[in-house]
Amino acid sequence: MSANPDGSPSGRRTDPSLQPTSVSALVVAALVGAALGWLLLGYNQVFYRLTPLPWTAAIVLFGLAFAEAYLAHNTGARIQRKPGAPRVEPLVVARYVALAKASSLVGSLTGGFAAGVLAWLALEPTDAAQSDVPTVGTTLFAAAALVGAALWLERTCRVPDRPDREDDGSDRPTGRR
């Protein structure tokens, strides 16, 4: 009848395994963000009621990107068990993966929003719009850095292909039946 343990007839996978972040999900999030950014500023002349855009988004995104890049570098060495690197707890790695997946989506959405706003500002001939271009451009760059660092962190949290110990290839019984 069915190969699935829960008896469901569909051929879909039912185990709760975590899949890598797909590029299509990031592209869709960026496109939704870009559409929101463009529509928000274009609708009812919202831009003209705003004060100059703050730099806080870029600063926060760069801070998160730096933190996740540091975690990726540190965690990669610990998972590969390089000399001098302490062991890493599996629950910590699971938390890092959740952080990386969420950060890549947030960075993609924010980057898309910034790209939509930047495109709108590029078409706006006013001095106020031109003065906000560096802020929005930096935010776009920071969002891209966050997506890159998050994907790096997610990649370093993968289980290595080689066995943990060199002598695991022996003919010893494993205790499993």
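Treat the numbers as computed from the prediction; the structure is a model and nothing was measured.

### Regarding the environment of Arg 155
- Here Arg 155 lies in helix 4 (residues 127-156).
- Classification of Arg 155 by relative accessible area gives exposed; the value is 54%.
- When the C-alpha atoms of Arg 155 and Pro 20 are compared, they prove to be 8.1 Å apart, with 135 residues separating the residues in sequence.

### Comments concerning a nonpolar patch on the surface
- Together, Val 28, Val 32, Leu 36, Leu 40, Leu 109 and Phe 113 line one region of the surface with nonpolar side chains, adding up to about 500 Å² of accessible area.
- By secondary structure assignment, the location of Val 32 is in helix 1 (residues 23-42).
- Take Val 32: its relative accessible area is 42%, and that puts it in the partly exposed class.

### Some thoughts on the nonpolar core
- Counting residues in hydrophobic clusters, the biggest one holds 10 residues: Leu 71, Ala 72, Ile 79, Val 88, Val 93, Tyr 96, Val 97, Ala 100, Leu 153 and Cys 157.
- Contributing elements (two or more residues each) for this core: helix 2 (56-79) and helix 3 (90-123).
- For this core, the element with the highest residue contribution is helix 3, accounting for four residues.
- Apart from residues lying up to four places away in sequence, Ala 72 is in contact with Trp 152, Leu 153 and Thr 156.

### A look at helix 2
- For helix 2, which comprises 24 residues, the first-to-last C-alpha distance of 34 Å matches the rise-based estimate of 34 Å (1.5 Å per residue) to within 8%.
- Every buried residue of helix 2 is listed here: Ala 58, Leu 61, Ala 65, Glu 68, Leu 71, Ala 72, Thr 75, Gly 76, Arg 78 and Ile 79.
- Where helix 2 is buried, its residues meet helix 3 and helix 4.
- Two residues or fewer after helix 2 comes Arg 81, characterised by a positive phi angle close to 55°.

### A short note on the packing of helix 2 against helix 3
- Helix 3 packs onto helix 2 with a crossing angle of 145° between their chain directions and a minimal axis gap of 11 Å. Remark: the crossing between helix 2 and helix 3 carries left-handed chirality. From helix 2, Leu 61, Glu 68, Leu 71, Thr 75 and Ile 79 reach across to helix 3, where they touch Val 93, Tyr 96, Leu 99, Ala 100, Ser 103 and Thr 110.
- Across the contact of helix 2 with helix 3, the residue classes break down as seven nonpolar, three polar and one charged.

### What about the environment of Ala 142?
- Within the fold, Ala 142 resides in helix 4.
- With relative accessibility at 0%, the residue Ala 142 sits in the buried group.
- A sequence separation of 32 residues divides Ala 142 from Thr 110, and the C-alpha atoms of the two residues are 9.4 Å apart.
- Not counting chain neighbours up to four residues away, the residues in contact with Ala 142 comprise Ala 58, Leu 61 and Phe 62.

### Considering the side chain of Ser 103
- Structurally, Ser 103 is set in helix 3.
- Discounting residues that sit within four places of it in the chain, Ser 103 has contacts with Glu 68, Leu 146 and Ala 150.

### What about the side chain of Thr 156?
- Here Thr 156 shows up in helix 4.
- Residue classification places Thr 156 among the buried positions, given a relative accessible area of 16%.

### Some words on the confidence of the model for the protein
- For the protein, mean pLDDT is 81; residues scoring 70 or higher make up 77% of the total.
- Mean pLDDT across the elements of the protein ranges from a minimum in helix 1, with 89, to a maximum in helix 2, with 92.

### Considering the environment of Phe 113
- Residue position: Phe 113 is located in helix 3.
- Judged by its relative accessible area of 34%, Phe 113 is partly exposed.
- Distance in space between the C-alpha atoms of Phe 113 and Gly 33 is 4.1 Å, their sequence separation being 80 residues.
- Among all residues touching Phe 113, those that are not within four sequence positions of it are Gly 33, Ala 34, Leu 36, Gly 37 and Leu 40.

Basis of the calculations
The numbering scheme is per chain: residues are counted from 1 as the chain's sequence reads. pLDDT decides what is reported in this predicted model: residues at 70 or higher carry local features, side-chain atom pairs at 80 or more are listed and counted, and totals for whole chains, interfaces and linings draw on all residues regardless. To obtain the side-chain values, all non-hydrogen atoms of the structure were included, while hydrogens and water were left out. To qualify as a helix, a DSSP run of H or I must reach at least 4 residues; to qualify as a strand, a run of E must reach at least 2; elements of each kind are numbered from the N terminus. Residue burial is assigned from relative accessible area. The probe radius is 1.4 Å, only protein chains are included, and a residue is buried under 20% of its type maximum, exposed over 50%, and partly exposed in between. Like-charged residues are merged into a patch within 9 Å and nonpolar side chains (Val, Leu, Ile, Met, Phe, Trp, Tyr) within 5 Å, provided each residue has over 30% relative accessible area and no salt bridge. What sets the accessible areas is the Shrake-Rupley method with a 1.4 Å probe; for residues, cover comes only from the shown protein chains. Salt bridges are defined as contacts in which a side-chain nitrogen from Lys or Arg sits within 4 Å of a carboxyl oxygen from Asp or Glu. For this analysis, a nonpolar core means a set of buried residues of the types Ala, Val, Leu, Ile, Met, Phe, Trp, Tyr and Cys, connected via side-chain atoms within 4.5 Å. A contact between two residues is defined here by any heavy atoms of the two lying within 4.5 Å. To estimate how far a helix should reach, multiply one less than its number of residues by 1.5 Å. Angles here are taken between N-to-C directions and fall from 0 to 180 degrees, while the axes themselves are lines fitted to C-alpha atoms, restricted in helices to the stretch in contact. If you view the pair so one helix is near and one far, a crossing is left-handed when the near helix is turned anticlockwise from the far one by less than a right angle, and right-handed when it is turned clockwise. Any residue outside Ala, Val, Leu, Ile, Met, Phe, Trp, Tyr, Cys, Pro, Asp, Glu, Lys and Arg is labelled polar, Gly included; the first ten of those are nonpolar and the last four are charged. What pLDDT conveys is the predictor's confidence in a given residue, as a value from 0 to 100.

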